[in-house]
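Observations on chain architecture
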Amino acid sequence: MSAGVSIQDAAAECPLVSIGVTVEIGGVPIELQTSDRVFREIIEERYAGFVNPCAVPACRFEIELTAKQVPSDEDVSVIRRGSTWCLQRGDFRAEWDLERKQGWIRQCANPYSIDSVLRITHSLLLAMEGGFQMHASSAIRNGRAFLFAGVSGAGKTTTVRLAPHDAVVLTDEISYVRKTENGYRAYGTPFAGELARPGANASAPVQRVCLLKQSQENRVRPVKQAEAIRALMRHVLFFAQDDELVERVLDAVMHFASNVEVVEMEFTPDRRAWEMVR
Amino acid sequence: MKECYVARSRSVAARQLGEEMVIMSAADSTLFNLNPVATLIWKAADGQTPLTRIVEEQICPEFEVEEGEALRDAEQFVRELAAHGILLLAEFPIAETNAESDRKL
């Protein structure tokens, strides 16, 4: 689905389309329903490259907007009660019933709140099937995905900003990783960091994870599996206070590290760094 | 001195990597890496064995350290992990309902 598709256009193409906006990130469609026209337009614009009115939603959220503006600096709480996930932070509350595939969100008209709900929901869905979210930039080159992970300032945004024309930037902030029959696949996301530009709605099999380290020279060093697992775990984003899912995430990262090459990539912040990414 | 019993919390995921242990807290997804000594204490923390016995029978023979020093280090380690909620401490044996069983290790 091309970027900028409006609900009206989609309705003409897909007779079964609902009044909500279906946002498909990482191949997981989530329908966001709101009766507020202005907020719906904000959603459509914010996730423009990821709107897919024809997708069958994995879950639907009905959004109730509140007038009260609340700061978002509170810790997030994500707990499960029976089949219902309860999400809460200062700026939003949400519930999502796994069995009914439906839920609600109460928030003010702040798009960062809906970003957070989507990311948390995706983190749960990914974890349930052996995937995860990683605080990493990523790009596709020669049909394979490369992830660039590192602490703040390590060069996640710099790396993709320097990407050559033949590379497709998936994100400079948060990468989605899903398990497939043959390995793992990385997906682009609309969640932008310093680049302030959404990633491409594209995906590719994961070739390599590069643990970034800015340096005076360009060099790749293989990383042993135990070190790779510890490093990857530091960059995995997971929010739920849930024993079972925490076990799954840890197992997923261990399996990922035993099946995907993880290297330390020392790089100079210029285009020569991409000679190592192929 | 009072006896100290230690037990693994149920709300963690723990996996062994060689001689070390990676532990993820379910409460806040914090990650802990345990070195070989700490891993041995973690694995022995069944809630029934006092820490002094763990140190005396497992740490000292394995790592050839002086018992008093090993016990001080072990006490500091278990207090730190207990502060993060991934180990339980008590002056009496700890029932398995509160602690992780050996099944998942």
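Criteria and cut-off values
Residues numbered from 1 in each chain as written. Chains lettered and ligands numbered in written order. Predicted model: local features only at pLDDT ≥ 70, side-chain atom pairs only at ≥ 80, totals over all residues. Helix = DSSP H or I, 4+ residues; strand = E, 2+ residues; numbered from the N terminus. Buried ≥ 20, exposed ≤ 12 C-beta atoms within 10 Å, placed from the backbone. Pairing = 2+ DSSP bridges. Axes fitted to C-alpha atoms, helices over the stretch in contact; angles between N-to-C directions. Domains from an automatic or database assignment. Contact = placed C-beta atoms within 7 Å. Nonpolar A, V, L, I, M, F, W, Y, C, P; charged D, E, K, R; others polar. pLDDT = per-residue confidence, 0-100.

**So, unusual backbone geometry**
All names here are of chain B. Within the chain, Ser29 stands out as a residue other than glycine whose phi angle is a positive 60°. Assignment of secondary structure puts Ser29 in the loop between strand S3 (20-25) and strand S4 (31-34). Using a count of 21 C-beta atoms within 10 Å as the deciding quantity, one classes Ser29 as buried. Unlike most non-glycine residues, Glu64 shows phi in positive territory, near 50°. With respect to the helices, strands and loops of the structure, Glu64 is situated in the loop between helix H2 (51-63) and helix H3 (67-83).

**With respect to the sheet that holds strand S6 (residues 92-97) of chain A**
In any sheet, the strands associate via hydrogen bonds between backbone groups, in a parallel or an antiparallel arrangement. Residue and element names in this part refer to chain A. One open sheet holds the seven strands; their spatial order is S1-S2-S3-S7-S6-S5-S4, and the pairing between them is mixed. Every other strand in the sheet has two partners, leaving strand S1 (21-25) and strand S4 (77-81) as the edge strands with one partner each. Strand-to-strand, the axes of this sheet are offset by a mean angle of 20°, without reference to chain direction. Across five bridges, S1 lies against strand S2 (residues 28-33) in antiparallel orientation. Within S2, the position partnered with Ile25 by the bridge is Val28.

**Let's talk about the domain arrangement of chain A**
Residue and element names in this part refer to chain A. In terms of domain boundaries, chain A breaks down into domain 1 (7-128) and domain 2 (132-276). A C-alpha centroid distance of 25 Å is found between domain 1 and domain 2. Taken together, the contact pairs 20 residues of domain 1 with 21 residues of domain 2. For the side of domain 1 that touches domain 2, the secondary-structure elements that each account for two or more residues are S4 and helix H3 (111-128). Looking at the side of domain 1 that touches domain 2, its residues break down into ten nonpolar, six polar and four charged.

**Some words on the confidence of the model for chain A**
Per-residue confidence for chain A gives a mean pLDDT of 90; residues scoring 70 or more make up 93%. Across residues 1-12 of chain A the pLDDT falls below 50, and counting only partners more than four positions away or on other chains, this stretch makes 14 contacts in the model.

**Some details on the interface of chain A and chain B**
Each partner contributes residues to the interface: chain A has 13 residues there, and chain B has 14 residues. Elements with a minimum of two residues in the side of chain A that touches chain B: helix H5 (225-235) and helix H6 (243-259) of chain A.

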